[in-house]
Structure formats: C-alpha cells, structure tokens
Amino acid sequence: MSVLGQMLEKYDTTTVEGRVNGLREVMQEVALAGLYRGGFFDRAAFYGGTCLRIFYGLPRFSEDLDFSLLTSDADFSLEPYFRAVMAEFLSLGLDVEISSKKKTVRTGIESAFLKSDTRLFSLAVHGEKTVKIKFEVDTLPPLGFSTEEKLLLEPFSFYVKCFGLPDLFAGKMHALLFRNWKTRVKGRDWYDFEWYVRKGVQLNLSHFVSRAQQSGHLMESQLSEQDFRRQLNERIDSLDVTLAKSDVSRFVGNADVLKIWSREYFHQLAERIIMSRG
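Residues numbered from 1 in each chain as written. Predicted model: local features only at pLDDT ≥ 70, side-chain atom pairs only at ≥ 80, totals over all residues. Heavy atoms only, no water.

**Brief notes about the overall build of the chain**
Line of reasoning, step 1. Across its full length, the chain holds eleven helices and nine strands.
Line of reasoning, step 2. Counting across all 278 residues of the chain, residues that qualify as buried make up 52%.
Line of reasoning, step 3. Look at the contacts in the chain between residues 6 or more apart in sequence, and 70% of them connect residues 24 or more apart.
Line of reasoning, step 4. For the chain, the accessible surface area stands at approximately 13500 Å², while carbon and sulfur atoms represent 48% of it. (Helix = DSSP H or I, 4+ residues; strand = E, 2+ residues; numbered from the N terminus. Buried < 20%, exposed > 50% of the residue type's maximum accessible area, 1.4 Å probe, protein only. Contact = heavy atoms within 4.5 Å. Areas by Shrake-Rupley, 256 points an atom, 1.4 Å probe, with all protein chains shown as cover.)

The following block contains the structure:
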C-alpha cells in the first residue's frame, strides 16, 4: 500500500464529507512535513484548530493551517518554503499548485493557498471536487506564548513546534469573543471552547490580553477574570445557537453531541474556565 493510501486508511471514506475531510487532513499533514523539511519550524509555531485536531486530539475536522512567527518580522515571506512543500507532495506522486494570496491592504498575515490537482487526486477522493487548504502565518504576533515539540508519524516521523494548550485556549477565546462574521456564526469556535473546558485546560489570560490589545479590542494592560467572564457571558447572550450548530455539524462525526448546546449550557461552561497568567 502507498504512503498516501496508508494515511487515508484511518478515515471513514464511505461518505462524501468523510472523503473530503480525510483527504484534507492528509494534505495538511503532508504540508507540515514539507514545511518541516524546509526548516520552517525554526522560525514559526503551529496553532489554531488544525493544530488542536492533529496534535491534541480535538474530535472535529479543521480547514486551515495557522502559524505564528516566534519573533516579529514584517518582511517574512512563505515563498522560500514552497519548494519544500511541493517536493513533499511530489514524493508521494501528487502535484500541487501553490499561490500567494494577493492583498490590497498590508496586514500582519502572510497567506497562501494549497490546491491539489483534481485529476491526480482522483483515486484518493474518488473523483470528488478539489480540496483547498489555506495556510496563514502571523508575521507580527502577540508574544508571551509557550511552545512544545509534538510528534507526527506520517508521512514520516518528525516534530512540529506547536503552541501549548493554555495559549491555544487563549487564542481561541480571542477569536470567539472578537471574530466579526456579521450574520454568520462560527460554531467551530464554540465546539473548541467546550472541548477546552471539558479537558480542564487552563486559559493563559496574559496571552489573551496580549492578543486583545494587539487587535484593538482591549485598551488596558490588565484584565480581571471577572471582566473576562463578563465579556464572555455577554457574547453568549447574543449567540444564535442554531446557526452555531449548523456551522460545526459537517466537521464532527456525530452531531448528536451538539444537542445539549444552549445559551445556558455555555454560561455554565464559562463558570468552569480555569485561568492562569502565564
């Protein structure tokens, strides 16, 4: 069996969603391998939902690859690492196209899209549509986060530098509180929030404050636990739970786990958050 076939074997491919989610995650792992070979993790760390999924066991699929530089560098570019990523896919007999995202406004995020060739992936996805992965690097990150080396065994054994769980939790709560999706709701944020609380992960409030200050959502240099919970409870009061369930349902294997979701349920989860300051 090929390496790709072996990697796909662990996924349920009996449904279209299962095949797409499985293929996307395999592509994510191959991309991480290419970045590792290119020396990317000497300069950056992996964070976000996909990091949580691959290395910490979050039971939902995730779409994007999110990274943070270890030190700020406004001139950082992903392009020097593209060759190593493409070579990793070519070693598995797969051709990919990588293009930089064109930006009209200069930001602290460097973006690129990884797109598989549908024809060359036709056997893996049984003729399904092209799977795209967006990956982003925060080039001007809020600092004060810790990292750890996490082992990935496929397509070969290598280590990826990842955010520690308390800082991942802080980043997730920053997104949950301040993400501006207008009429949309990112239920995946609420799913992850529930997961962190259930796991008893501590939230690094200091790193949350750093993120909130950088994004302009907090002017002060301090935030009390009481004020954090107040903001969270206000956010919960405005949550459309039905839209949240609809957003996340395609990323989880069993949507029955969402039945308990309600504003009151999330209020009770908020009471159970354990906080630290670094």
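From this point, the narrative continues.
**Notes on the nonpolar core**
Line of reasoning, step 1. Within the largest apolar cluster, 88 residues are counted, with the highest numbers of intra-cluster contacts made by Phe193, Phe208 and Phe228.
Line of reasoning, step 2. Looking at this core element by element, the count peaks at nine residues for helix α2 (residues 16–37).
Line of reasoning, step 3. Sequence-distant contacts of Phe208, that is, excluding residues within four places in its chain, are made with Ala170, Met173, His174, Leu177, Phe178, Leu203, Leu223 and Phe228. (Core = buried A, V, L, I, M, F, W, Y, C linked by side-chain atoms within 4.5 Å.)

**Details of the packing of aromatic side chains**
Line of reasoning, step 1. For the structure shown, the criterion picks out 23 aromatic pairs.
Line of reasoning, step 2. On the numbers, 5.2 Å between centres and 80 degrees between planes, the contact of Phe40 with Tyr81 is edge-to-face. Here the residue Phe40 occupies a position in the loop between α2 and β1 (44–47), and Tyr81 occupies one in helix α4 (residues 79–90), the gap between them amounting to 41 residues.
Line of reasoning, step 3. Residue Tyr81 is classed as buried on the basis of its relative accessible area of 11%.
Line of reasoning, step 4. With a centroid separation of 4.4 Å and an interplanar angle of 10 degrees, the aromatic rings of Phe169 and Tyr196 are classed as stacked. Taken as a pair, Phe169 in helix α6 (residues 165–178) and Tyr196 in helix α7 (residues 187–199) lie far apart in primary sequence, 27 residues in all.
Line of reasoning, step 5. On the accessibility criterion, Tyr196 (2% relative accessible area) is buried.
Line of reasoning, step 6. Feature note: the residues Phe40, Phe41, Phe46, Phe55, Phe67, Phe76 and Tyr81 constitute an aromatic cluster, connected by ring pairs. (Phe/Tyr/Trp six-rings, centres within 6.5 Å; stacked < 30°, edge-to-face > 60°.)

**A closer look at the pairing of β1**
If a strand is regular, its side chains alternate between the two faces of the sheet.
Line of reasoning, step 1. Both faces of β1 are covered, namely the face carrying Ala44 and Phe46 and the face carrying Ala45 and Tyr47.
Line of reasoning, step 2. Pairing between β1 and strand β2 (residues 65–69): four bridges, direction antiparallel. Across the sheet, residue Ala45 finds its bridge partner in β2, namely Ser68. (Pairing = 2+ DSSP bridges.)

**Some points on the confidence of the model for the chain**
Line of reasoning, step 1. Across the chain, the average pLDDT comes to 87, with 90% of residues at 70 or higher.
Line of reasoning, step 2. For the stretch residues 115–128, pLDDT sits under 50, and the model shows 30 contacts to residues farther than four places along the chain or on other chains. (pLDDT = per-residue confidence, 0-100.)

**Concerning the side chain of Ser62**
Line of reasoning, step 1. Inspection of the secondary structure puts Ser62 in the loop between α3 (49–56) and β2.
Line of reasoning, step 2. A relative accessible area of 9% means that Ser62 is categorised as buried.
Line of reasoning, step 3. At 2.9 Å, the side chain of Ser62 forms a polar contact with the side chain of Thr50.
Line of reasoning, step 4. Those residues within four positions of Ser62 in sequence are excluded, and the remaining contacts are Arg24, Gln28, Gly49 and Thr50. (Polar contact = N/O pair within 3.5 Å; in protein donor to acceptor, adjacent residues only side chain to side chain.)

**Some details on the state of the cysteines**
Line of reasoning, step 1. Summed over the entire model, instances satisfying the criterion amount to zero disulfides.
Line of reasoning, step 2. Here Cys51 is not cross-linked by a disulfide; its sulfur's nearest cysteine counterpart is in Cys162, at 3.8 Å.
Line of reasoning, step 3. When its relative accessible area of 0% is taken as the criterion, Cys51 is described as buried.
Line of reasoning, step 4. Since its relative accessible area comes to 0%, Cys162 is described here as buried. (Disulfide = S-S within 2.5 Å.)

**Side note on the pattern of salt bridges**
Line of reasoning, step 1. The full count for this structure, using the stated rule, is 18 salt bridges.
Line of reasoning, step 2. Asp189 is paired through a salt bridge with Lys172; the nearest N and O atoms lie 2.8 Å apart. Note that Asp189 is positioned in helix α7 and Lys172 in helix α6, a separation of 17 residues in sequence.
Line of reasoning, step 3. With relative accessibility at 3%, the residue Asp189 sits in the buried group. (Salt bridge = Lys/Arg side-chain N within 4 Å of Asp/Glu carboxyl O.)

**A word on the packing of α2 against α3**
Line of reasoning, step 1. The contact between α2 and α3 brings their axes to 12 Å, and the two run at 90 degrees. Taken as axis vectors, α2 and α3 run roughly perpendicular relative to one another. Every residue of α3 that contacts α2 at Glu25, Gln28, Glu29 and Leu32 is listed here: Thr50, Arg53, Ile54 and Phe55. (Axes fitted to C-alpha atoms, helices over the stretch in contact; angles between N-to-C directions. Parallel < 35°, antiparallel > 145°, perpendicular 65-115°, else oblique.)

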